[in-house]
Amino acid sequence: NGIVSGCSFTTDNTGNSVFGVYGEGEIVGALTIESNTFTGTFRDPISRSSQSLYDHGLVMANTVTGWDDDGIEFEGQCINAVLLGNVITDSPVAASCIGFAGPTIGPTYVARNFCRTTNSGSYVVKAGVDMPQIQSAYVFHNTFIAGTNAVDAMSRVGGSNWVGLV
């Protein structure tokens, strides 16, 4: 269990894998990441190992700008994980606002987030890169804006199946 709240994270490190808040271990349980600001060239400002079990986690009301890969990486084995009310914008080089290669267990809730990409080769929501199947994901009341010539606003890549996506 843990809380990361009300913090400001900034980096200008380019070309390296620098993370803001990163969960690692067999179980990343009941971790709340809320009301934080992430600015600069983090690889993934909010992330966790896709091999970890993310149990009853809450990522809420964070502001993310200018990242390198995924603004918020919400991947892997998630149980009752919630991504709520985050603002993820303005990265000229990002792959996606939300990296969503999972959840393989579920349910996962993605609601009331604002995501805008400015990279021409990006996704707003990128799903399925590492995980073969998405189980019990509820995605609703979000605003997704794809940049000029973006690949897709919400895309399934890597041969994954949308199973239980509402």
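Computed from a prediction, not measured in an experiment: that's the story for all the values here.

Visitor: Hey, could you run me through the sheet that holds strand S21 (residues 143–145) in this one?
Guide: The strands making up a sheet associate through backbone hydrogen bonding, with each pair oriented either parallel or antiparallel. Strand order in the open sheet made by the 6 strands is S2-S6-S10-S14-S17-S21, with parallel pairing throughout. Looking at which strands have only one partner, the edges of the open sheet turn out to be strand S2 (8–11) and S21. Neighbour to neighbour, the strand axes of the sheet diverge by 5° on average, direction disregarded. Note that S2 and strand S6 (residues 37–40) share 4 bridges and pair parallel. Residue pairing in the sheet places Ser8 in a bridge with Thr37 of S6.

Visitor: Help me out: how do you make sense of the side chain of Asn142 in this one?
Guide: With respect to the helices and strands, Asn142 occurs in the loop between strand S20 (137–140) and S21. Residue Asn142 is classed as buried on the basis of its relative accessible area of 18%. In terms of polar contacts, Asn142 uses its side chain to reach the backbone carbonyl oxygen of Val110, at 2.9 Å. Apart from residues lying up to four places away in sequence, Asn142 is in contact with Val110, Ala111, Arg112 and Asn113.

Criteria and thresholds
Residues numbered from 1 in each chain as written. Predicted model: local features only at pLDDT ≥ 70, side-chain atom pairs only at ≥ 80, totals over all residues. Heavy atoms only, no water. Pairing = 2+ DSSP bridges. Helix = DSSP H or I, 4+ residues; strand = E, 2+ residues; numbered from the N terminus. Axes fitted to C-alpha atoms, helices over the stretch in contact; angles between N-to-C directions. Buried < 20%, exposed > 50% of the residue type's maximum accessible area, 1.4 Å probe, protein only. Polar contact = N/O pair within 3.5 Å; in protein donor to acceptor, adjacent residues only side chain to side chain. Contact = heavy atoms within 4.5 Å.

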